[in-house]
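Understanding the architecture of this molecule
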Amino acid sequence: MKCQNCGKSIKRQAKSCKYCGVRIIQKSDKMAKKMTMDGGIAMACGGLMVIIAIVMAIYGGRMWAAIILILGCLLTFIGKKIG
Ligand SMILES: [Zn+2]
């Protein structure tokens, strides 16, 4: 694999680049896995909020529907970015 900083080829398991010393973030890290999972949860919550917003829009509460819709879209967007 290649160093993200200097572009030189380094060992796949390397924790840092031996040429420039930059820290290598392993994609298999537990952190990365957790982030992906959180992204999925955020997306699921976002989708749910959009549904709630639609229901609220039908039964009155236009203002709350708009707020929840914006929050839902934001959550989905963040979820996509993380995941
Ligand atoms: Zn490097």
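This text goes with the structure placed above it.
Note that the coordinates shown come from a computational prediction; the quantities given were computed from them, not determined experimentally.

**As for the coordination of the zinc ion**
Binding of the zinc ion to the protein goes through Cys3 (SG), Cys6 (SG), Cys17 (SG) and Cys20 (SG), at separations of 2.3 Å. The site at the zinc ion holds four donor atoms, and with the angles between them running 105 to 115°, its shape is tetrahedral. Within one chain, the residues serving as donors to the zinc ion are arranged as C-x2-C-x10-C-x2-C. With a gap of 14 residues between them, Cys3 in the segment before helix H1 (30-58) and Cys17 in the segment before H1 connect regions that are remote in the sequence. We note that Cys3, like Cys17, is buried.

**Points about a nonpolar patch on the surface**
A cluster of nonpolar residues, Met35, Met63, Trp64, Ile67, Leu71, Leu74, Phe77, Ile78 and Ile82, forms a patch on the protein surface that exposes about 870 Å² of accessible area. In terms of residue count, the dominant contributor to the nonpolar patch is helix H2 (residues 62-82) (eight residues). By secondary structure assignment, the location of Ile82 is in helix H2. Take Ile82: its relative accessible area is 31%, and that puts it in the partly exposed class.

Reading the values: rules and limits
Residues numbered from 1 in each chain as written. Predicted model: local features only at pLDDT ≥ 70, side-chain atom pairs only at ≥ 80, totals over all residues. Heavy atoms only, no water. Donors = N, O, S within 2.8 Å, 3.2 Å for Na, K, Ca; no water. Tetrahedral: all angles 85-135°; square planar, octahedral: opposite > 155°, others 65-115°. Helix = DSSP H or I, 4+ residues; strand = E, 2+ residues; numbered from the N terminus. Buried < 20%, exposed > 50% of the residue type's maximum accessible area, 1.4 Å probe, protein only. Patch = residues over 30% accessible without salt bridge, like charges linked within 9 Å, V, L, I, M, F, W, Y side chains within 5 Å. Areas by Shrake-Rupley, 256 points an atom, 1.4 Å probe, with all protein chains shown as cover. Salt bridge = Lys/Arg side-chain N within 4 Å of Asp/Glu carboxyl O.

So far we have only geometry, and geometry alone does not tell us how the molecule works.
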